[in-house]
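Given next are the chains, with one letter for each unit.
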Amino acid sequence: MVIKESILQYKYGDEAHRVRPTSGMEFISSSHFPDEVQGDMLLANSIWFLGLKQHQMMEDGTGYTSKHRQDLITSNDPNFRPVEMVFAPDSSLYIVDWHSVLIGHMQHNARDSLRDYVHGRIYRITYPSRPLVKPAKVFGQQWITHHGHFDDGKFPVTDISIVKSQTKNPILNGFEEFEAYSWLYHVDGGDWKLQGDSEPLLMGHSTKSQHEIDGDLDKFSLDNPVAWTKSYTGNSGNNARVFFATLGHPYDFKIPVVRKIAMNGIYWALGKEGEIPEDGVNVVLDEPFLPNNSGFGQKFKKNQKPTQIQ
């Protein structure tokens, strides 16, 4: 892709709209906003012009050129520092305002008391005449909270047991109770309920809980589902199967029964539950699985690509 020299010099459109951009840059790709602005570039600026400029992007040979469409946001607050933008799952636009007195390339001491590392602002932009997108309830729940990162990777923190009514479910073929390293996520209870026709298969009991320490067990129980099935019907009208589990700590997958549940669940979701053996799918590994603790560690590095096994 070729970007015209005018863009590289930050000359978007005519001279009146030349800006010095910050890190906040986004292209409109949101069904909540009008069709005619899809693909427009939003550019946040915190020097000279304080606000967001919106530019129409147009193909020009093998590259692109732009035309100023409008100033989407302007501010007369001298501390307004828009530094990032992102479209939310509901297709609204969120803008992060650093809102700092001091900016620049170290004209001021790094320890200057006017440097504010704590405060900031977040703005949300919507288009009132168009509906927001309702996130598809595919998995049965969203991120809410968990019971805490206690002993991360040192000791198991969640006891896993079967839901008594699901003992005959083929996903649980070969299942044995175990202790998981995954912290227990809250998905059901208090103000939250599993969505749709979700059927819990496995329950988790948190053996260490920040919510228990904080006295919030009336909102976030020590016992919650950690695996369930549900159905989902998309725009095509076809009914699909969904298997979901909140277990995900790397050390959990050293445990054969965790790998077995994952594979059994995949078979079930594909409609192949009749092919799941009585003792579950074979999950014996040819090589030892030696993951790092949660996150990246010393052995497995970021930006490394999978390589072919000879």
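Residue numbers run consecutively from 1 along every chain, following the written order of its sequence. In view of the model being predicted, local features appear only for residues whose pLDDT reaches at least 70, and side-chain atom pairs are presented and counted only at 80 or more, with totals across whole chains, interfaces and linings using the full set of residues. In computing side-chain values, all of the structure's heavy atoms are included and hydrogens and water are not.

Draft legend 1. Structural view of the overall build of the protein chain. The number of helices and strands found in the protein chain is three helices and 15 strands. Here the term buried applies to any residue with accessible area under 20% of the maximum for its type, exposed to any over 50%, and partly exposed to those in between, with areas from a 1.4 Å probe on protein chains only. Among the 310 residues that make up the protein chain, the fraction classed as buried is 36%. Only the protein chains shown count as cover for residues, and all accessible areas are computed by the Shrake-Rupley method using a 1.4 Å probe. When the accessible area of the protein chain is evaluated, it comes to approximately 19300 Å², of which 52% is carbon and sulfur surface. In this text, helices come from DSSP runs of H or I with a minimum length of four residues, and strands from runs of E with a minimum of two, each type numbered from the N-terminal end.

Draft legend 2. Examining the nonpolar core more closely. With 17 residues, the main nonpolar core has Ile-160, Phe-175, Phe-178, Leu-202, Phe-243 and Ile-261 as its most contacted residues. Counting only elements with at least two residues in this core, the list comes to strand 11 (178-180), strand 13 (199-206), strand 14 (223-233) and helix 3 (256-269). For this core, the leading source of residues is helix 3, giving four residues. Residue contacts are defined here by distance: any two heavy atoms, one from each residue, within 4.5 Å place the two residues in contact. Ignoring sequence-local partners within four residues, the contact set of Phe-243 consists of Ile-171, Leu-201, Ala-227, Trp-228, Thr-229, Ile-261, Ala-262, Gly-265 and Trp-268. To define a nonpolar core, start from buried Ala, Val, Leu, Ile, Met, Phe, Trp, Tyr and Cys residues and group those joined through side-chain atoms within 4.5 Å. Of all hydrophobic cores here, the second largest spans 14 residues; its members include Phe-33, Leu-42, Ile-73 and Phe-80.

Draft legend 3. Region of the structure containing helix 3. How far a helix is expected to stretch is found by multiplying one less than its residue total by 1.5 Å. For helix 3, built from 14 residues, the straight-helix expectation of 20 Å at 1.5 Å per residue is met to within 8% by its first-to-last C-alpha distance of 20 Å. Every buried residue of helix 3 is accounted for by Val-257, Val-258, Arg-259, Lys-260, Ile-261, Asn-264, Gly-265 and Trp-268. Taken together, the buried residues of helix 3 touch strand 11, strand 13, strand 14 and strand 15 (239-245). Gly-271, located one to two residues past helix 3, shows a positive phi value of around 75 degrees.

Draft legend 4. The pattern of salt bridges, seen in detail. Each reported salt bridge corresponds to a side-chain nitrogen of Lys or Arg within 4 Å of a carboxyl oxygen of Asp or Glu. Taken as a whole and judged by the stated rule, the model has eight salt bridges. Here Asp-40 ties to Arg-69 by a salt bridge, and the two come within 2.4 Å at their closest N and O atoms. One end of the pair, Asp-40, is in the loop between strand 2 (21-27) and strand 3 (41-47); the other, Arg-69, is in strand 5 (residues 63-74), and 29 residues separate them in sequence. Note that Asp-90 is salt-bridged to Arg-124, the shortest N-O span being 2.8 Å. With a gap of 34 residues between them, Asp-90 in the loop between strand 6 (82-87) and strand 7 (93-97) and Arg-124 in strand 8 (residues 121-125) connect regions that are remote in the sequence.

Draft legend 5. Representation of the sheet that holds strand 8 within the structure. Two strands are said to pair when DSSP picks up at least two bridges between them. Judged by pairing direction, the sheet is antiparallel, and its three strands sit side by side in the order 6-7-8 without closing on themselves. Looking at strand neighbours, the two that pair on one side only are strand 6 and strand 8, the edges of this open sheet. Along the sheet, successive strands turn relative to each other by an average axial angle of 20 degrees, direction set aside. As paired elements, strand 7 and strand 8 share five bridges and run antiparallel to each other. When the bridges of strand 8 are listed, Leu-93 appears paired with Ile-125. Lines are fitted to the C-alpha atoms to define the axes, a helix being fitted only along its stretch in contact, and any angle between axes, read from their N-to-C directions, falls within 0 to 180 degrees.

Draft legend 6. Inspection of the pairing of strand 4 (residues 49-60) at higher detail. The pairing of strand 3 with strand 4 spans seven bridges and is classified as antiparallel. Following the sheet pairing, Met-41 is matched in strand 4 by His-55. Between strand 3 and strand 4, which pair antiparallel and follow one another directly, the connecting turn spans one residue, one of which, Trp-48, has a positive phi of 70 degrees. As paired elements, strand 4 and strand 5 share 10 bridges and run antiparallel to each other. Looking at strand 5, one finds that Asp-60 is bridged to Gly-63. In this antiparallel pair of consecutive strands, strand 4 and strand 5, the connection spans two residues, and Gly-61 shows a positive phi of 70 degrees.

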